[in-house]
Amino acid sequence: MNEFLRVAWLVVRKDLRVESRSRELLFTTVFFAISCVLVFSFGFVRGGRAVEGAAAGILWIAVAFSGTLALGRAFERERHHDALRGLLLAPAARPAIYVGKLAGLLLLLAVVEAIVAVMVAFLFQAPLFRFPVRLFALLALGTIGFASVGTLFSAMLVRTRSRAVLLPVLLYPITIPVLIMGVSGTAVLIAPEPDLAMARLWIGLLFFFDAVFLTLALWTFEPVMTE
Amino acid sequence: MPYSEPVHFERITVADVSRHFGRRRALSRVSFDCAAGQIVGLLGPNGAGKSTLLSVLATLAAPSTGSVRYGAATPGAAGAALRAQIGFLSHDLQLYPELSARENLEFFAGLHGLDDPRREAADALARAGLDDRADDVVEGFSRGMRQRLALERALLHEPRLALFDEPFTGLDEASCVKLVRRLRSLRADRRIVVLATHDLDIVDGLLDQALLLRAGRLRPLGGEGTLRERYRAAVASGEAR
Amino acid sequence: MTPMNRRLFPVLAGLSLFFFVTAPVIIIRAPYESTMGLVQKIFYFHFPAWMAMFLAIFVLGIASGLYLFRRKPAADRLAVAAAETAVIFGLMGLITGPLWGIKAWGVWWQWDARLTMAVILELILIAYLLLRQYGGAGSDRLAAGIGIFAMANVPFLYVSTEIWRTVHPRTSVVPTLPVDFGIPLWWSFAGFIVLCMALLAARVRLEEQRAALDRLYLAVEED
């Protein structure tokens, strides 16, 4: 187990170091997320005010879209100099490499979400931070669910043609439950009469989704990555 | 290190290996074997299947039919323990351009579970002749410098099987001579070296075994003259068929 | 698998033909439902079509797992067959659903739990086929990964859409249907399941022949 974590940490540290040099992923993803929120506001603002209940949807769609962008770029980096095969050739447990890539992406998305959440709360007068712990749980679990499937998919798409199109084509339908759970959970939290029991139910479901899909991803990573 | 016992092998046996997708064939019934202390050259035109064969030997790709045995071990059963004994210099070098030469080496040394990544990386930098550029990011390196760095990266963990895809690309005269010397020392160390190359003049006289791949198949290489003449004759006879 | 499959297909095809020829008779004889009128009869196709799709998705998931972990080419052929069959039955469900909806709800489409789930499942299956089509060499192994995820997704989609929205008649009405409605329903159900298996067998056989043809091509090139 120690060995597993050591390898995962090496991969995370490497990604952080690469990112600290170029900052490409952070800047482009944050900028893209902000653009998303703005674009949606043109769709959902009527008479100077946001359509009721739009905030939760906009928050999650911005997360999903910018998450896809980040996933694609993160693995483009591994693909570019064939580095991913260098990682796979190391005698380390391959799932540890998966976990390392996933953890790096989660860190990046955490930054993006912090910015997007504040922006949505501010621009759409949504009381997002009324229940900060529950909102945090929803976002964290939702992002883990989305990114755990996404990391596996973008890793395996590295060696296919038309990977840029196939990633969203495959990822969105499979992660729709995350989107439904995340949006519904956020919606009941920011409703005029918050329904905490429902929020707990959605958080529980997200947790269950994460457990199942993270396990599946760890289990299939090795065979899927062998050509 | 905590990895399972490294696999020890003195011989690789490639038996009837094919790899195809539908009707497109990358490799067709390739069989050969090589022993410790041998340098094997994979020759052949572009798209002949050299890189595919190297991927299969590196256990990164599984053959559609046939098998590769590393001594008594098979990739399926040995997995990580076997990968610990394989070094692979691919055509795309597998380096991170945003990281410095030292960081690249330390990262891969860590992944391979070497005891002292710092020292190993420093030694490798010295061997690559890159001491003075160790802390510069690889992005600014010339192709030759990257090539030297990638070579040392592939050999960091002193693998029993070293696979090189076009190792001479971008190297100047002096570096080529050094690389040949390095390959000879690997042979003296009783390692197995398989290299795919177009630089026939350089490897002439270096190879213990020359294999010609054409359209995924092994072709006989005639016995007369220099390696280049033999290669030309074999390719020409292949085209005449 | 091949010889068994060869004998299996005619049996399955004959059986499903029998069910589909007899089903209309039984459906016509079933009592006329007063509120829904003739449209109620769609139910005898709609529900079994979905069940056939779920069967196909289940086959897809299992076959994908076998291919991924055991590298059995036959499992891969079964997986493609299952995915395509599931898409077909899913389309049947998606066409018959709105026909029912316009009568029952007054609109063609409702964001109702079952309909939403159906659309998403159809989307996942089509994405699977797109990957196989456009992924290039080696995408069969990746598709196997997607196949497993598609199967694992079914319960989550079910629960999440169920809680999210519900307008659809509950599935729990099925066992409580009066016998007069129940007999034609289960009759059609059996017909659809057998048809699903027949299509699977035929499609697998096509893939087998394709693989055999590929092998022959490779063998001819060999000399």
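Reading the values: the criteria
Residues numbered from 1 in each chain as written. Chains lettered and ligands numbered in written order. Predicted model: local features only at pLDDT ≥ 70, side-chain atom pairs only at ≥ 80, totals over all residues. Heavy atoms only, no water. Helix = DSSP H or I, 4+ residues; strand = E, 2+ residues; numbered from the N terminus. Buried < 20%, exposed > 50% of the residue type's maximum accessible area, 1.4 Å probe, protein only. Contact = heavy atoms within 4.5 Å. Buried area = accessible area lost by both parts, 1.4 Å probe. Salt bridge = Lys/Arg side-chain N within 4 Å of Asp/Glu carboxyl O. Nonpolar A, V, L, I, M, F, W, Y, C, P; charged D, E, K, R; others polar. Pairing = 2+ DSSP bridges. Axes fitted to C-alpha atoms, helices over the stretch in contact; angles between N-to-C directions. Core = buried A, V, L, I, M, F, W, Y, C linked by side-chain atoms within 4.5 Å. Domains from an automatic or database assignment. Polar contact = N/O pair within 3.5 Å; in protein donor to acceptor, adjacent residues only side chain to side chain. Patch = residues over 30% accessible without salt bridge, like charges linked within 9 Å, V, L, I, M, F, W, Y side chains within 5 Å. Areas by Shrake-Rupley, 256 points an atom, 1.4 Å probe, with all protein chains shown as cover. pLDDT = per-residue confidence, 0-100.

Asks: Outline the overall build of chain C, supporting the account with residue identities and numerical values.
Replies: Of regular secondary structure, chain C possesses seven helices and zero strands. Ordering the α and β elements of chain C from the N terminus gives α-α-α-α-α-α-α. For chain C, buried positions account for 49% of its 223 residues. Nonlocal contacts in chain C, meaning residues at least 24 apart in sequence, comprise 82% of its contacts between residues at least 6 apart.

Asks: Could you give an account of the interface of chain B and chain C, with specific residues and numbers?
Replies: On the side of chain C, nine residues touch chain B, which itself brings 10 residues to the contact. Interface of chain B and chain C: buried area, both sides summed, is about 930 Å²; carbon and sulfur atoms make up 48% of it. Summed over the shared surface of chain B and chain C, the number is zero salt bridges. Listed by contribution, the elements that provide at least two residues to the side of chain B that touches chain C are β1 (11-21) and β2 (24-35) of chain B. The dominant element in the side of chain B that touches chain C, judged by the number of residues it contributes, is β2(B), at four residues. Residues of the side of chain B that touches chain C, tallied by class, amount to two nonpolar, three polar and five charged.

Asks: Break down the sheet that holds β1(B) for me, citing the residues and quoting the values.
Replies: Residue and element names in this part refer to chain B. Reading across the sheet, the three strands line up as β2-β1-β4 and stay open at both edges, with antiparallel pairing between neighbours. Each edge of the open sheet is held by one strand with a lone partner, namely β2 and β4 (65-70). Averaged over neighbouring strand pairs, the angle between their axes works out to 15° when direction is ignored. Here eight bridges tie β1 to β2, and the two strands are oriented antiparallel to one another. Following the sheet pairing, H20 is matched in β2 by R25. Contacts from helix α1 (residues 50-57) reach β1, β2 and β4, with the element oriented near 60° to β2.

Asks: An account of the nonpolar core is needed here, citing residue identities and associated values.
Replies: Within soluble globular proteins, side chains that are nonpolar generally end up buried alongside one another. Core analysis: the biggest nonpolar cluster contains 211 residues, and A:F153, B:I12, B:F164 and B:L183 have the highest contact counts within it. The element best represented in this core is helix α5 (residues 94-123) of chain A, accounting for 13 residues. Taken together, domain 1 (1-85 + 160-241) and domain 2 (97-158) of chain B each give at least three residues to this core, which thus spans both. Leave out the neighbours within four places in its chain, and B:F164 touches B:L54, B:L89, B:L151, B:L155, B:L183, B:L186, B:V193, B:V194, B:L195 and B:A196. The next biggest cluster of nonpolar side chains, apart from the first, holds eight residues, and it includes C:I27, C:A30, C:F43 and C:L185.

Asks: Please give an account of the pairing of strand β8 (residues 209-214) of chain B that cites residues and values.
Replies: Looking down a regular strand, the side chains alternate between one sheet face and the other. All names here are of chain B. Most of β8 is tucked away, with five of its six residues classed as buried. Alignment of strand β3 (residues 38-43) against β8, held across four bridges, turns out to be parallel. Along β8, the bridge assignment pairs V40 with Q209. Remark: two residues form the turn of the hairpin made by β8 and strand β9 (residues 217-219), two consecutive strands paired antiparallel; A215 in that turn has positive phi of roughly 50°.

Asks: Any chance you could break down the side chain of B:T197 for me, citing the residues and the numbers?
Replies: All names here are of chain B. Mapped onto the secondary structure, T197 falls in the loop between β7 (192-196) and α8 (200-203). Separated by 2.9 Å, the side chain of T197 and the backbone nitrogen of D199 make a polar contact. Setting aside residues up to four positions removed in sequence, T197 forms contacts with L42, L43, E166, F168 and V203.

Asks: How would you sum up a nonpolar patch on the surface? Please name residues and give values.
Replies: A surface patch of nonpolar side chains, about 710 Å² in accessible area, is lined by C:L91, C:I95, C:L99, C:I102, C:W108, C:W109 and C:W111. Along the chain, C:W109 turns up in the loop between α3 (73-104) and α4 (113-134).

Asks: Kindly report on the interface of chain A and chain B, identifying the contributing residues and their values.
Replies: Each side of the interface is counted separately: chain A has 28 residues, and chain B has 33 residues. Three residues stand out in chain A for area buried against chain B, namely A:H81, A:L89 and A:P91, and they jointly supply 28% of the buried area on that side. Our enumeration of links across chain A and chain B arrives at two salt bridges. In this structure, the salt-bridge partner of A:R21 is B:E103, at a minimum N-O distance of 2.8 Å. Joining chain A to chain B, the criterion identifies 12 residue pairs in polar contact (both at pLDDT 80 or more). Breaking the side of chain A that touches chain B down by element, the ones donating at least two residues are α1 (2-22), α3 (54-80), α4 (83-89) and α8 (196-225) of chain A. For the side of chain A that touches chain B, the element with the most residues is α1(A), which contributes 10 residues. Across the side of chain A that touches chain B, the residue classes tally to 12 nonpolar, four polar and 12 charged.

Asks: I'd like a description of the domain arrangement of chain B, backed by residues and values.
Replies: Residues and elements named next belong to chain B. As far as domains go, chain B holds domain 1 (1-85 + 160-241) and domain 2 (97-158). Contact residues are listed per partner, giving 18 residues for domain 1 and 15 residues for domain 2. The contact between domain 1 and domain 2 buries some 1,300 Å² in all, and 55% of this surface belongs to carbon and sulfur atoms. Joining domain 1 to domain 2, the criterion identifies one salt bridge. The closest approach of N and O atoms between R182 and E152, which form a salt bridge, is 2.6 Å. Linking domain 1 to domain 2 there are four residue pairs in polar contact (both at pLDDT 80 or more).

Asks: Help me get a handle on the sheet that holds strand β5 (residues 86-89) of chain B, residues and values and all.
Replies: Residue and element names in this part refer to chain B. In space, the six strands of this open sheet follow the order β5-β6-β7-β3-β8-β9, with mixed pairing throughout. Each edge of the open sheet carries a strand with a single partner, namely β5 and β9. Across the sheet, the mean angle from the axis of one strand to that of its neighbour is 20°, orientation sign disregarded. Two elements, β3 and β7, share five bridges in a ladder whose sense is parallel. The residue bridging V40 from the neighbouring strand is V194, located in β7. Where helix α6 (residues 143-155) meets the sheet, its contacts fall on β5 and β6 (161-165), and the angle it forms with β5 comes to roughly 165°.

Asks: Go over the environment of C:G61 with me, naming the residues and quoting the values.
Replies: All names here are of chain C. Within the element layout of this structure, G61 appears in helix α2 (residues 43-70). The class for G61 is buried, based on a relative accessible area of 5%. Separated by 87 residues in the primary sequence, G61 and I148 place their C-alpha atoms 4.6 Å from one another. Once you skip the residues sitting within four places of it in the chain, G61 turns out to touch G147, I148 and M151.

Asks: Account for the confidence of the model for chain C, with residues named and values stated.
Replies: All names here are of chain C. Here chain C averages 83 in pLDDT, while 85% of its residues score no lower than 70. Highest mean pLDDT in chain C belongs to α2 (91); lowest belongs to helix α6 (residues 173-176) (56). Two summary scores accompany this predicted model of the complex, namely pTM at 0.90 and ipTM at 0.90.

Asks: Got a sec to walk through helix α4 (residues 101-111) of chain B? Specific residues and values, please.
Replies: The element α4(B) is largely enclosed, with a buried count of nine among its 11 residues. When α4(B) is considered as a whole, its buried residues turn out to be B:A101, B:E103, B:N104, B:L105, B:F107, B:F108, B:A109, B:G110 and B:L111. Where the residues of α4(B) are buried, they touch α1 and α4 of chain A together with α5 (117-128) and α6 of chain B. At the C-terminal side of α4(B), B:G113 shows a positive phi close to 70°.

Asks: Please set out unusual backbone geometry residue by residue, giving values where relevant.
Replies: Phi at A:R23 takes a positive value of approximately 55°, unusual for a residue other than glycine. Inspection of the secondary structure puts A:R23 in the loop between α1 and α2 (24-44). Exposure remark for A:R23: the relative accessible area of 43% places this residue in the partly exposed category. Even without glycine at this site, B:R190 takes up a positive phi of about 60°. Looking at the element boundaries, B:R190 is found in the loop between α7 (173-188) and β7. Look at B:R190 and you get partly exposed, because its relative accessible area is 44%.

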